[in-house]
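# Close look at the chain arrangement
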Amino acid sequence: MKDIIAEVEIPETAAVTEATDFLRETTGPLLFHHSRRVFLFGSLHAQKLALRPDPELLYISAMFHDTGLMTPFSGEEQRFELDGADHARAFLLDRGFPAGAVEAVWSAIALHTTPGIPGRMGPETAAMHYGVLTDAVGWGLEGLDDGQVEEIVAAHPRGEFKTEFLRAFVDGLRNRPDTTYGTVNADVLEHFVPGFRRTSMVERIMDAPWSK
């Protein structure tokens, strides 16, 4: 029986099933429900904007997009978005996905918190970015059908999303604060972590090893 929520069909592929199981097993309800809502909201925005993302790639992008907050998937000091993107790339390559599909998912995850750029890129990157914005800050919510929104939230409850999601950011980033430079993630640490101070671009230029 097909899994359909708010008239959006969840893709029925082996990779989708594995990605869903992975998220269920490695994260809690907060990120599982958030990621599914991101896919569903992103799909609705894609329909309204006449985008044509590959449903399987959009779904896998949504499933992996915040996994870097839970456990860094690389030994490198890098943005959590890149941890999730790199892990999704390995997941897809291990399952024989073509290079173009792999890079579409990688870009969608790597850029999902970057303002202004994702909407100018491919349909998976744009749709997932819009889904993230809707679920996190309510962007575009007024343009969606109220009944569909209610159906999505009933299937994947928000609970105490605002406070729990911010806590997940703090927990995932406080031990690698330098990776938040130049990103919206620094806002979270600046608000919640005593003593955190972001480095500015002005300081980096003025402190560069040039005489002038």
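Small disclaimer: the values here were computed from a predicted structure and weren't measured. (Residues numbered from 1 in each chain as written. Predicted model: local features only at pLDDT ≥ 70, side-chain atom pairs only at ≥ 80, totals over all residues. Heavy atoms only, no water.)

A few words on the overall build of the protein chain. A tally of regular secondary structure across the protein chain gives 10 helices and two strands. Each helix (α) and strand (β) of the protein chain, taken in turn from the N terminus, gives the series β-β-α-α-α-α-α-α-α-α-α-α. For the protein chain, whose C-alpha radius of gyration is 18 Å, the value lies close to the compact-globule estimate of 17 Å for 212 residues. Expressed along its principal axes, the backbone C-alpha trace of the protein chain runs to roughly 65 × 35 × 35 Å. Looking at the protein chain residue by residue over its 212 residues, the buried ones come to 47%. A distance of 6 Å separates the average location of the 19 positive side-chain charges in the protein chain from that of its 32 negative side-chain charges. (Helix = DSSP H or I, 4+ residues; strand = E, 2+ residues; numbered from the N terminus. Rg over C-alpha atoms; globule rule 2.2 N^0.38 Å. Buried < 20%, exposed > 50% of the residue type's maximum accessible area, 1.4 Å probe, protein only. Lys, Arg positive; Asp, Glu negative; His and termini not counted. Charge placed at Lys NZ, Arg CZ, Asp CG, Glu CD.)

Taken together, Glu-7, Asp-145, Asp-146, Glu-150 and Glu-151 make up a surface patch of like negative charges. Within the fold, Asp-146 resides in helix α7 (residues 146-155). On the accessibility criterion, Asp-146 (57% relative accessible area) is exposed. (Patch = residues over 30% accessible without salt bridge, like charges linked within 9 Å, V, L, I, M, F, W, Y side chains within 5 Å. Areas by Shrake-Rupley, 256 points an atom, 1.4 Å probe, with all protein chains shown as cover. Salt bridge = Lys/Arg side-chain N within 4 Å of Asp/Glu carboxyl O.)

Right, let's talk about the nonpolar core for a bit. In this structure, Phe-39, Ile-60, Phe-64, Phe-97 and Met-128 are the most contacted members of the largest nonpolar core, which totals 40 residues. Excluding residues within four positions of it along the chain, Phe-39 makes contact with Val-8, Glu-9, Ile-10, Pro-11, Pro-55, Leu-58, Tyr-59 and Ala-62. In this structure, Leu-69, Phe-80, Phe-161 and Phe-165 belong to the second largest nonpolar core, which totals 15 residues. (Core = buried A, V, L, I, M, F, W, Y, C linked by side-chain atoms within 4.5 Å. Contact = heavy atoms within 4.5 Å.)

Turning next to unusual backbone geometry. The backbone of Glu-7 shows a phi angle near 65°, a positive value even though the residue is not glycine. Position of Glu-7 among the secondary structure elements: in the loop between β1 (4-5) and β2 (8-9). The backbone of Ala-50 sits at a positive phi, close to 60°, despite the residue not being glycine. Along the chain, the position of Ala-50 falls in the loop between α2 (29-48) and α3 (55-64).

A few words now on the packing of aromatic side chains. Taken as a whole and judged by the stated rule, the model has seven aromatic pairs. Here Phe-80 and Phe-169 contribute two aromatic rings whose centre-to-centre distance is 5.4 Å and whose plane-to-plane angle is 80°, an arrangement assigned as edge-to-face. In this pair, Phe-80 sits in helix α4 (residues 80-94) while Phe-169 sits in helix α8 (residues 161-173), placing the two residues 89 residues apart along the sequence. Note on accessibility: Phe-80 and Phe-169 belong to one class, buried. Aromatic pair Phe-165 and Phe-169: ring centres 5.0 Å apart, planes at 80°, arrangement edge-to-face. Note that Phe-165 and Phe-169 are positioned in helix α8 at a spacing of four residues, about one turn of the helix. Seen from the ring of Phe-161, Arg-37 lies directly overhead, with NZ or CZ sitting 5.2 Å from the centre. (Phe/Tyr/Trp six-rings, centres within 6.5 Å; stacked < 30°, edge-to-face > 60°. Lys NZ or Arg CZ within 6 Å of the ring centre and 35° of its normal.)

Moving on, we come to the environment of Arg-89. As for its position among the elements, Arg-89 is in helix α4. Judged by relative accessible area, which is 26%, Arg-89 ranks as partly exposed. Linking Arg-89 and Ile-109, residues 20 residues apart in sequence, is a C-alpha distance of 10.0 Å. Among all residues touching Arg-89, those that are not within four sequence positions of it are Val-102, Glu-103 and Trp-106.

So yeah, pure geometry; function would need other evidence.
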